[in-house]
Amino acid sequence: MATAAETSASEPEAESKAGPKADGEEDEVKAARTRRKVLSRAVAAATYKTMGPAWDQQEEGVSESDGDEYAMASSAESSPGEYEWEYDEEEEKNQLEIERLEEQLSINVYDYNCHVDLIRLLRLEGELTKVRMARQKMSEIFPLTEELWLEWLHDEISMAQDGLDREHVYDLFEKAVKDYICPNIWLEYGQYSVGGIGQKGGLEKVRSVFERALSSVGLHMTKGLALWEAYREFESAIVEAARLEKVHSLFRRQLAIPLYDMEATFAEYEEWSEDPIPESVIQNYNKALQQLEKYKPYEEALLQAEAPRLAEYQAYIDFEMKIGDPARIQLIFERALVENCLVPDLWIRYSQYLDRQLKVKDLVLSVHNRAIRNCPWTVALWSRYLLAMERHGVDHQVISVTFEKALNAGFIQATDYVEIWQAYLDYLRRRVDFKQDSSKELEELRAAFTRALEYLKQEVEERFNESGDPSCVIMQNWARIEARLCNNMQKARELWDSIMTRGNAKYANMWLEYYNLERAHGDTQHCRKALHRAVQCTSDYPEHVCEVLLTMERTEGSLEDWDIAVQKTETRLARVNEQRMKAAEKEAALVQQEEEKAEQRKRARAEKKALKKKKKIRGPEKRGADEDDEKEWGDDEEEQPSKRRRVENSIPAAGETQNVEVAAGPAGKCAAVDVEPPSKQKEKAASLKRDMPKVLHDSSKDSITVFVSNLPYSMQEPDTKLRPLFEACGEVVQIRPIFSNRGDFRGYCYVEFKEEKSALQALEMDRKSVEGRPMFVSPCVDKSKNPDFKVFRYSTSLEKHKLFISGLPFSCTKEELEEICKAHGTVKDLRLVTNRAGKPKGLAYVEYENESQASQAVMKMDGMTIKENIIKVAISNPPQRKVPEKPETRKAPGGPMLLPQTYGAVCSFRRGKGRTQLSLLPRALQRPSAAAPQAENGPAAAPAVAAPAATEAPKMSNADFAKLFLRK
């Protein structure tokens, strides 16, 4: 790359050859020239300023004329023009952004996007020294992608001038090929090494690079061919007779490997070789072709799928694992990790294979190190790394430094810190020789236990509001080590006292764990003391603790010990039973209150509905008290045709139609004289919709049908409005909106498509806004055949890459929240939670690209103020949904399964119609006596022999019945 001074020096010559221009064109040329000079000056100044101390003898390459031209360019643009001011403003803006990014990285060095943005701006500004430092810092924390490495390498190659610079570039290449398997980087490495063939050992260097490249990516079926060809071209270019055998060897090695376009390579070999191809080479070539056919389905699946292609890579890995070739297994893992470097499970599977199969120290530790650099938030990777280092005998100091890095990795859960501490403490325990009374390693272990407890109490509890170790697992392990390995029961008892004071004294299993430790390494006196305390404190399983105490006294205690144990256990169990009875009574009272409230709400709804029906049935032409009474008595008769139509879903019979016409005859005559009011017109339209023949749902078409709900009830002509919306998914056969008996749209419909793929595509329109409401689109499922079918498109389990935000102001829009979240990572999806009417609920879910970004966002956004609202941010982990108890499974306490009972109304269902018949027996007489058993959801059904129980009630007169009916 030419220097900026040389570029500016060549511009005057170009200007002299340009010739005269028109006035308008001349102004444009001057403006463009000024722009170029300003950019050249900036780059040149940065180059002279930064490259001098970093690169030896680089300034000597600038000639005197170059300096003159540089001075001329500087003086030529000394008068500030319009473009220069624009450039200065842009430069100032970039400098402010650079300062902001540097400050952000000083706070959080694990912000990947900040590193990338800072490198881009520094490179744009020509800050070469700062660019190198920024790249170096990022490469120490994160593995760089192929694009970042190639950009860095191209910049350094263009600036390299002498042997020292070339060695520096070689070092960069060595770092680059260790991050990911990148055929393009290996190819660049090989081609760059060819340029140094004239130096001492240059030929051996080139061959070494190409051989390593072939061992790394030479088996790559789609990209390995380029490396083989580059290596052959290099060897062919060397004019030596001995090199011909080297080319022959490369051809034969390549033809023995299944690669794409093998046939062309074989044809090239036939054309190049003067001698016939040996039979062994042909056999290996044919064998490789057969292998290629086996691999092709997996390679084609990768070519057809879209990145990151995790499922396709997993299938490919399974195939390679069955074959068992270590080189190919390693290659396919590396290929998969290039696109799925943020998938912890893939790193775990790869490292597990290397730990158990290859067991090569450098390779195993390298993969573990790369795993934690890609997914530093995954505690399992850190734990496995510590185990691998211990397994391969890494120095203790290195392991300790790695553990300290793990503590600063920013885990997402408090339990992650407990796990990494346990892994490190296990390692320290294995270093101790417990045959010695005291040693340096033992003191280090005890100090580590003490530090672990303090760390969980201060650092972790302050961040997560919990220590992550409620059962005190770390303290229990410490107590076991002191008791079993150090024979220090006094210290173990102190630790267990501390465990019990942290809220664990109410659990029986904790007391029994302590009792077992005392039985194994303590004495009977302390065992008895522990069990006596357990009897008094345990609240979850006190019977079990009492049984253990009695068993111990039966085998080891005296009569006095037995009497004390019996007295204590009986007293404790009596108190526990009393508390349980009180709790059961309280719970039963609450259940009864809820049932009474539910019954009151149900009764109120029924009365309101009945009143509403009466008002609708009464026409505006009905006047007078006598006519009102007649109307009330005639309600039942008028309701029957409507109900019959709804149950039968068919057109009324001829006789029924006749009756309707007779009943409507007077109204029709009135309508002929007077203009019908709007209400009458609406009723007529509703009657037309009611009398339309209804189409029965065909369950065989469920696969091509979707169910659409939560539509506005006020929607006019749903078929016309919804058809264009769904035709974007495919050809629509029919839209069946559902209407009430009055002809009102009920807010849902069925959409039938011609093809199943159209129905599947329509499901993606779920939650789309239609007339201000979110439209729900779900699969069409027969609930009678699948009563437990539920449609919930979002995950209800822990998602470490997704955030749950609460406390948002209702006025906060999706765009505003997305702008805030973008500052902490790449937002893949953002969803504001709304109610059925489309109104916001102040909640949101934000999905980030990976767990690391989500973890950083939680730390930065939790407690943030948005429009005077303090929001709460946490990792998405919805609570388990409570499944409502089915009515048929409810049982009366101590009795058989019972059906729920109804009060006052008995439903009788007969073929062809369903009718509600009111029981004329007052509710006061329906209630069972106090001694009758109660069901969970109402009174229990009386046995058949108790049918005449109603006759046992006190006799009542007609006046008493009238009072009961008129009671309000």
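Residues numbered from 1 in each chain as written. Predicted model: local features only at pLDDT ≥ 70, side-chain atom pairs only at ≥ 80, totals over all residues. Heavy atoms only, no water.

S.K.: Explain the overall build of the protein to me, please; I cannot follow it from the model alone.
M.R.: A count of helical and extended segments in the protein gives 39 helices and 15 strands. Within the protein, contacts between residues at least 6 apart in sequence are counted, and of these 62% link residues at least 24 apart. Total accessible area on the protein is roughly 57,900 Å²; 52% of this is exposed by carbon and sulfur atoms. (Helix = DSSP H or I, 4+ residues; strand = E, 2+ residues; numbered from the N terminus. Contact = heavy atoms within 4.5 Å. Areas by Shrake-Rupley, 256 points an atom, 1.4 Å probe, with all protein chains shown as cover.)

S.K.: What exactly am I supposed to notice about the environment of glutamine 314 here?
M.R.: Checked against the element boundaries, glutamine 314 lands in helix 15 (residues 310-323). Of the residues examined, glutamine 314 reaches a relative accessible area of 25% and is grouped as partly exposed. Separated by 22 residues in sequence, glutamine 314 and alanine 336 have C-alpha atoms that sit 8.1 Å apart. Not counting residues within four places of it along the chain, the set of residues in contact with glutamine 314 comprises Leu346 and Arg349. (Buried < 20%, exposed > 50% of the residue type's maximum accessible area, 1.4 Å probe, protein only.)

S.K.: I'm lost on the sheet that holds strand 7 (residues 827-834) in this one. Help?
M.R.: As a general point, the strands of a sheet are linked pairwise by backbone hydrogen bonds and lie either parallel or antiparallel. Ordered in space as 7-8-6-11, the four strands form an open sheet in which the pairing is antiparallel. Of all strands in the sheet, those bounded by a partner on one side alone are strand 7 and strand 11 (872-876). Taken pair by pair, the neighbouring strands of this sheet meet at an average axis angle of 25 degrees, ignoring direction. Bridging between strand 7 and strand 8 (residues 840-848) involves seven bridges; their strand directions are antiparallel. The residue bridging leucine 832 from the neighbouring strand is alanine 844, located in strand 8. Here helix 36 (residues 814-822) sits on the sheet in contact with strand 6 (799-806), strand 7 and strand 8, set at roughly 140 degrees to strand 7. Across the sheet, helix 37 (residues 851-861) touches strand 6, strand 8 and strand 11, and the angle it forms with strand 6 is around 25 degrees. (Pairing = 2+ DSSP bridges. Axes fitted to C-alpha atoms, helices over the stretch in contact; angles between N-to-C directions.)

S.K.: So what exactly am I meant to see when it comes to helix 18 (residues 361-374) here?
M.R.: Along an α-helix, residues three or four positions apart point the same way, because every turn accommodates 3.6 residues. Taking 1.5 Å of rise per residue, 14 residues should cover 20 Å, and helix 18 covers 20 Å from first to last C-alpha, within 8% of that figure. Taken together, the buried positions of helix 18 are Val364, Leu365, Val367, His368, Arg370, Ala371, Ile372, Arg373 and Asn374. On its buried side, helix 18 packs onto helix 6 (128-141), helix 8 (163-179), helix 16 (326-339), helix 17 (344-358) and helix 19 (379-391). (Expected span 1.5 Å × (residues − 1).)

S.K.: Whenever I open this one, the sheet that holds strand 2 (residues 732-739) confuses me. Can you help?
M.R.: Strand order in the open sheet formed by five strands is 2-3-1-5-4, with antiparallel pairing between adjacent strands. Bordering the open sheet on either side are strand 2 and strand 4 (768-770), each of which pairs with just one other strand. When the angles between neighbouring strand axes are averaged without regard to direction, this sheet yields 30 degrees. Of the pairings in the sheet, the one linking strand 1 (residues 705-709) to strand 3 (residues 745-753) comprises four bridges and is antiparallel in character. Across the sheet, valine 706 pairs through a bridge with valine 751, a residue of strand 3.

S.K.: Would you mind going over the pattern of salt bridges with me for this structure?
M.R.: When the charged atoms of two side chains lie near each other, side chains of opposite charge can form a pair. Counted under the stated rule, the structure contains 43 salt bridges. Between glutamate 444 and arginine 431 there is a salt bridge, and its shortest N-O distance comes to 3.3 Å. Pair noted here: glutamate 444 is in helix 22 (residues 440-464) and arginine 431 is in helix 21 (residues 414-431), with a separation of 13 residues, a long-range link. In this structure glutamate 444 comes out as partly exposed when scored by relative accessible area, which is 25%. According to the relative accessible area criterion, arginine 431 is partly exposed, its value standing at 29%. Residues lysine 867 and glutamate 816 are paired through a salt bridge, measuring 3.0 Å at the closest nitrogen-oxygen approach. Here lysine 867 is found in the loop between strand 9 (865-866) and strand 10 (869-870), whereas its partner glutamate 816 is found in helix 36, with 51 residues between them in sequence. (Salt bridge = Lys/Arg side-chain N within 4 Å of Asp/Glu carboxyl O.)

S.K.: Whenever I open this one, helix 15 confuses me. Can you help?
M.R.: Between the first and last C-alpha of helix 15 there are 20 Å, a value that for 14 residues agrees with the 20 Å anticipated at 1.5 Å per step. If you follow the buried residues of helix 15, they end up packed against helix 14 (279-304), helix 16 and helix 17. Positioned one or two residues after helix 15, glycine 324 has a phi angle of 90 degrees, which is positive.

S.K.: What is the right way to look at the packing of aromatic side chains in this model?
M.R.: Any pair of aromatic rings gets described here by the distance separating the centres and the angle formed by the planes. Within this structure, the stated rule accounts for 33 aromatic pairs. Among the aromatic side chains, those forming a connected cluster through ring pairs are Phe403, Phe411, Tyr417, Trp421, Tyr424, Tyr427, Tyr455 and Phe464. Positioned over the ring face of tyrosine 170 is lysine 205, at 4.6 Å from the centre of the ring. Here the guanidinium or amino end of arginine 328 rests over the ring plane of tyrosine 295, the centre of that ring lying 4.4 Å away. (Phe/Tyr/Trp six-rings, centres within 6.5 Å; stacked < 30°, edge-to-face > 60°. Lys NZ or Arg CZ within 6 Å of the ring centre and 35° of its normal.)

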